[in-house]
Amino acid sequence: MRTPVEGFSKLTKEEKINWIATQYTSNPEVAKSVLKRYWNTNSYVQKVHDEFIENTISNYYLPFAIAPNFLINDTLYALPMAIEESSVVAAASKAAKFWLNKGGFKTTIVGTEKVGQVHFMYKGDKEKLERFFKTHKNAFFDDAKTITQSMEKRGGGISSVRLIDKTDSIENYYQLHCTFQTMDAMGANFINSCLEQFAKTLKQKAAVYDRFSSQEGSIEIVMSILSNYVPNCVVRAEVSCPLNNLDEAGLSGIDFAKKMVQAVNIAKIEPYRAVTHNKGIMNGIDAVVLATGNDFRAVEAGVHAYAAKDGRYSSLTHAVIENGEFRFWIELPLALGTVGGLTSLHPMVKLALEILQKPTAEELMQIVAVAGLAQNFAALRSLVTTGIQKGHMKMHLLNMLNQLGATEEEKERLVDYFKDTVVTNASVKEALKKIKAD
């Protein structure tokens with residue numbers, strides 16, 4: 001019978017493994033063997049991994065792949081991607097090759113501003129609060145100097161602090177809406193440290209402000225936290241080429257372009273399609289974000305919020321036919337870093353950034369946006385021509401054969417067989433059954 005555990009975090013790694021294997025697995029010895037099999041053979045590297053998070057008992061591997069031939073702003077890149085889903089890397093690589101001799105991808109940084117907020121409750125005269133804020137606005141910058149000095153030397157720091165009245169939504173609710181430039185750092189810790197100092201300054205200055213009543217001076221700080229919605233930290237990536245250079249899968253350039261534009265327009269107005277459309281974009285984005293040690297959950301949250309910024313969830317990509325050309329582009333928020341966090345600790349992250357030629361945060365934003373655009377182009381290209389399953393299921397074939405216990409010889413024969421045959425679960429099982437019966 002399972003029993004609760006006291007002080008789990010204080011147990012040694014070996015004790016944690018013994019407890020979880022004994023309490024929650026049917027074969028503890030096999031479970032322990034699996035966990036230890038994924039330890040790094042270098043004890044120092046394993047210790048680094050162990051200390052990333054709490055209660056670590058092993059490592060969880062994802063495939064680390066390369067999508068080559070990305071021409072971005074006339075520079076050739078090979079993109080590191082960490083992802084488990086079949087066909088993502090192949091699709092990105094195909095899109096890169098498609099655009100390689102058509103001018104490649106062009107990118108622009110629209111903005112790099114990040115956001116954080118101090119949420120607080122104030123009971124009193126709104127005009128008094130506004131006067132108080134104007135009087136003490138410089139104090140927020142001054143009191144945070146010890147936090148911002150290093151960032152300011154690199155060209156970043158606090159951009160603005162504004163008082164926002166939100167009482168139309170929640171009674172007595174106000175916020176300090178603050179913006180930051182964090183240069184090559186993602187900046188979460190920097191921003192949160194500044195915000196917590198702003199909260200202290202707000203509370204301390206309000207308590208002694210002579211124009212406030214005792215109630216008005218007793219400001220309640222609810223929380224101080226950065227936002228992962230960064231609509232002014234935005235990058236744009238684009239491809240374009242003449243229609244006569246766009247023939248594809250038996251379609252003329254104009255017909256292929258029209259189908260692509262129609263597919264994007266459907267994703268613009270149909271949320272059911274838009275979610276899957278954008279999920280495909282995030283296949284490419286998340287894979288590079290994860291490989292470079294960035295926070296893909298924060299990126300996902302911010303990007304999907306951006307997709308709904310106009311009041312309806314919609315496509316992140318856009319496509320038009322203009323002046324005899326097909327244009328396809330994406331614009332999205334990406335708060336990324338190339339210093340701090342895992343970037344100097346995780347050996348694979350350091351290698352990924354080296355493969356990308358040690359990019360700045362702005363350069364990484366552009367590379368990641370291109371990965372998303374390429375992924376979406378590849379998906380739409382399949383959807384409007386051969387259909388998505390033909391390519392995806394062929395890439396999924398080896399996973400299916402491994403699940404079915406196929407030998408190396410059987411896998412080789414079946415990969416060859418399915419080059420010209422539709423891949424489905426049923427067809428693979430049947431083909432494998434025939435080979436085993438021979």
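These numbers were taken from a predicted model, which means no experiment stands behind them. (Residues numbered from 1 in each chain as written. Predicted model: local features only at pLDDT ≥ 70, side-chain atom pairs only at ≥ 80, totals over all residues. Heavy atoms only, no water.)

A. The packing of aromatic side chains, seen in detail. A complete count under the given rule lists 21 aromatic pairs for this structure. Among the aromatic side chains, those forming a connected cluster through ring pairs are Phe98, Trp99, Phe256, Phe326, Phe328 and Phe377. In this arrangement the basic side chain of arginine 327 is found over the ring face of tryptophan 329, its NZ or CZ atom lying 4.5 Å from the centre. (Phe/Tyr/Trp six-rings, centres within 6.5 Å; stacked < 30°, edge-to-face > 60°. Lys NZ or Arg CZ within 6 Å of the ring centre and 35° of its normal.)

B. Quick look at the environment of threonine 424. With respect to the helices and strands, threonine 424 occurs in the loop between helix H15 (408-417) and helix H16 (425-437). Sequence separation of threonine 424 and methionine 400 is 24 residues, and the distance between their C-alpha atoms is 9.4 Å. (Helix = DSSP H or I, 4+ residues; strand = E, 2+ residues; numbered from the N terminus.)

C. Expanded view of H15. Three or more residues of H15 are buried, namely Glu410, Lys411 and Leu414. Each buried residue of H15 sits inside an arc of 100° when the element is viewed along its axis, so together they form one side. The outward face of H15, more than 90 degrees from its buried face, is lined by the exposed residues Glu408, Glu409 and Glu412. (Buried < 20%, exposed > 50% of the residue type's maximum accessible area, 1.4 Å probe, protein only. Arc of directions from axis to C-beta.)

D. Representation of the sheet that holds strand E9 (residues 317-322). Taken in spatial order, the four strands make up an open sheet running E3-E8-E10-E9, and their pairing is antiparallel. Two strands bound the open sheet, and with one partner strand each, they are strand E3 (106-109) and E9. Averaged over all pairs of adjacent strands, the angle between strand axes in this sheet comes to 20°, irrespective of strand direction. In this fold helix H11 (residues 296-307) packs onto strand E8 (234-242) and strand E10 (325-333), with an angle of close to 120° to the strand it touches most, E10. (Pairing = 2+ DSSP bridges. Axes fitted to C-alpha atoms, helices over the stretch in contact; angles between N-to-C directions. Contact = heavy atoms within 4.5 Å.)

E. View of the packing of helix H6 (residues 145-153) against helix H7 (residues 188-207). Packing of H6 against H7 brings their axes to within 10 Å, and their N-to-C directions diverge by 145°. H7 is crossed by H6, and the crossing has left-handed handedness. Where H6 abuts H7, its residues Ile147, Thr148 and Met151 lie against Phe190, Ser193, Cys194 and Gln197. Among the residues making up the contact of H6 with H7, the classes are represented as four nonpolar, three polar and no charged. (Left-handed = near helix turned anticlockwise from the far one by under 90°. Nonpolar A, V, L, I, M, F, W, Y, C, P; charged D, E, K, R; others polar.)

F. Molecular detail of the environment of isoleucine 225. Considering the arrangement of structural elements, one finds isoleucine 225 in strand E7 (residues 220-227). Placed 147 residues apart in sequence, isoleucine 225 and glycine 372 show a C-alpha to C-alpha distance of 28 Å.

G. Spotlight on the nonpolar core. Counting 94 residues, the largest nonpolar core has Phe70, Leu176, Phe198, Phe326 and Leu334 as its most contacted members. The biggest single contributor to this core is helix H13 (residues 361-383), with twelve residues. Apart from residues no more than four positions distant in its own chain, phenylalanine 198 is found in contact with Val118, Phe140, Ala144, Ile158, Val161, Leu176, Cys178 and Phe180. The next biggest cluster of nonpolar side chains, apart from the first, holds eleven residues, and it includes Met400, Val423, Ala431 and Ile435. (Core = buried A, V, L, I, M, F, W, Y, C linked by side-chain atoms within 4.5 Å.)

H. Molecular detail of the pairing of E10. In terms of burial, E10 is largely enclosed, as seven of its nine residues are buried. Note: E8 against E10, nine bridges, orientation antiparallel. When the sheet's bridge partners are listed, alanine 237 is paired in E10 with isoleucine 330. In terms of strand pairing, E9 meets E10 through six bridges, oriented antiparallel. If you follow valine 320 over to E10, its bridge partner there is arginine 327. Here E9 folds back onto E10, and the loop between the two strands holds two residues, one of which, asparagine 323, carries a positive phi near 50°.

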